[in-house]
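A closer look at the structure
Spelled out from the first residue to the last, the chains are:
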Amino acid sequence: MMNRTEYMQELHRRLKRLPAEDYENAMQYYNEYFNDAGVENEQKVMETLGDPQKVAAQILSDYAIKNVEQSPRSAKKGLSALWIVILSMVALPVGLPLALTGILVSLTLVVCIVLCYLIIFLVGVFLVFCGIVGIVIAFCVVAENLATTMLFGGISLVCAGIGILVVMAMIALCKKTFGAMAKFYYRHMNRQKEGNYYEERI
Amino acid sequence: MVFQISSNLLDACVLSVLEQGDAYGYLLTQQVKQVINISESTLYPVLRRLQKNECLVTYDQSFQGRNRRYYQMTPQGKTLLEQYRQEWIVYRSQVDHILMRGNG
């Protein structure tokens, strides 16, 4: 069971992105509410209030609705919107390099994976090649030494077989990996477009 | 409580309680809850809305060494309250008419 401090901390965590005035008002209201209820009623208050997540969500949605309804020309509200724009622009010098780094790291990762796949794939091809060459050589000496032929032939066939399996496995792995990566990036790009206030979901 | 109270009706009830006298958050909630079992647990969103619509103002008062924020109805709030009261009379008679069918 939560105590009051933890409850208020959770509220703080979820509301701290609000403009100072809205944040202060909300925190003050609930702190005073707890105070007036008295320490003995602490648990009862929390039960009545419900999850701090829900309480915070209500406050945030009221704030969002209020800002949509207000005329943009209203001086006080316009300032909030302007402030958000200014903050976004200020954040760009930091945000943009971070985003670029993120992209570069992902690209490097992709290149590495591609190279690994390529190497293993080539090993597979090489094995098949050796296998085929081996079989050919084996049959060349068939006249002289049957046992050698059988041995060589057998090993070569195994080699070729393994090679083919490796090649097929790599093709399947490639399809799966890049399919999953494509889905991941697709979802990630869509998430960027959603609004800021509802980022923190459980 | 079967019937959900609409947000406008809740606004009206809060204003009506404040008409009796200024009150702080906890007290106001207790008073409203005595009469109506409101599902939302505190009136904070209601009070914020009324404040933004300039129906009430707040002031702080010290109590036992800590702060208490009081809510006070404005003349605009009083006007709105009277409007709500007129609407309620009409609404109540409409509901009675269909629900109580001669019993009300």
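Before reading further, recall that the structure is shown in the block above.
Quick look at the structure, then.

Parameters at a glance
- Residues numbered from 1 in each chain as written.
- Chains lettered and ligands numbered in written order.
- Predicted model: local features only at pLDDT ≥ 70, side-chain atom pairs only at ≥ 80, totals over all residues.
- Heavy atoms only, no water.
- Helix = DSSP H or I, 4+ residues; strand = E, 2+ residues; numbered from the N terminus.
- Contact = heavy atoms within 4.5 Å.
- Buried area = accessible area lost by both parts, 1.4 Å probe.
- Salt bridge = Lys/Arg side-chain N within 4 Å of Asp/Glu carboxyl O.
- Polar contact = N/O pair within 3.5 Å; in protein donor to acceptor, adjacent residues only side chain to side chain.
- Pairing = 2+ DSSP bridges.

On the secondary structure map, Asp-11 of chain B appears in helix 1 (residues 7-20). In contact with Asp-11 of chain B, not counting residues within four places along its chain, are Val-46, Arg-49, Leu-50 and Tyr-84 of chain B.

Let's shift gears to the interface of chain A and chain B. Counting residues at the interface gives 19 residues for chain A, matched by 20 residues for chain B. Around 1,800 Å² of area is buried between chain A and chain B when both sides are counted, 47% of it from carbon and sulfur atoms. Among the residues of chain A in contact with chain B, Tyr-29, Tyr-33 and Asp-36 of chain A are the three that bury the most area, contributing 36% of the side total. On inspection of chain A and its partner chain B, the count reaches three salt bridges. For the salt bridge of Asp-22 of chain A with Arg-48 of chain B, the shortest nitrogen-to-oxygen distance reads 3.2 Å. Linking chain A with chain B are eight residue pairs in polar contact (both at pLDDT 80 or more), by the criterion used here. Within the residue set of the side of chain A that touches chain B, elements represented by two or more residues are helix 2 (20-37), helix 3 (42-49) and helix 4 (52-69) of chain A. Of all the elements, helix 2 of chain A adds the most residues to the side of chain A that touches chain B, at twelve residues.

Residues and elements named next belong to chain B. Taken in spatial order, the three strands line up as 1-3-2 in an open sheet, and their pairing is antiparallel. Each end of this open sheet is capped by a strand with a single partner; those strands are strand 1 (23-24) and strand 2 (56-63). Where strand 2 meets strand 3 (residues 66-73), eight bridges bridge the pair, whose relative direction is antiparallel. Residue pairing for strand 3: Tyr-59 is matched across the bridge by Tyr-70.

Everything listed here is a matter of coordinates, which is why it stays silent on function.
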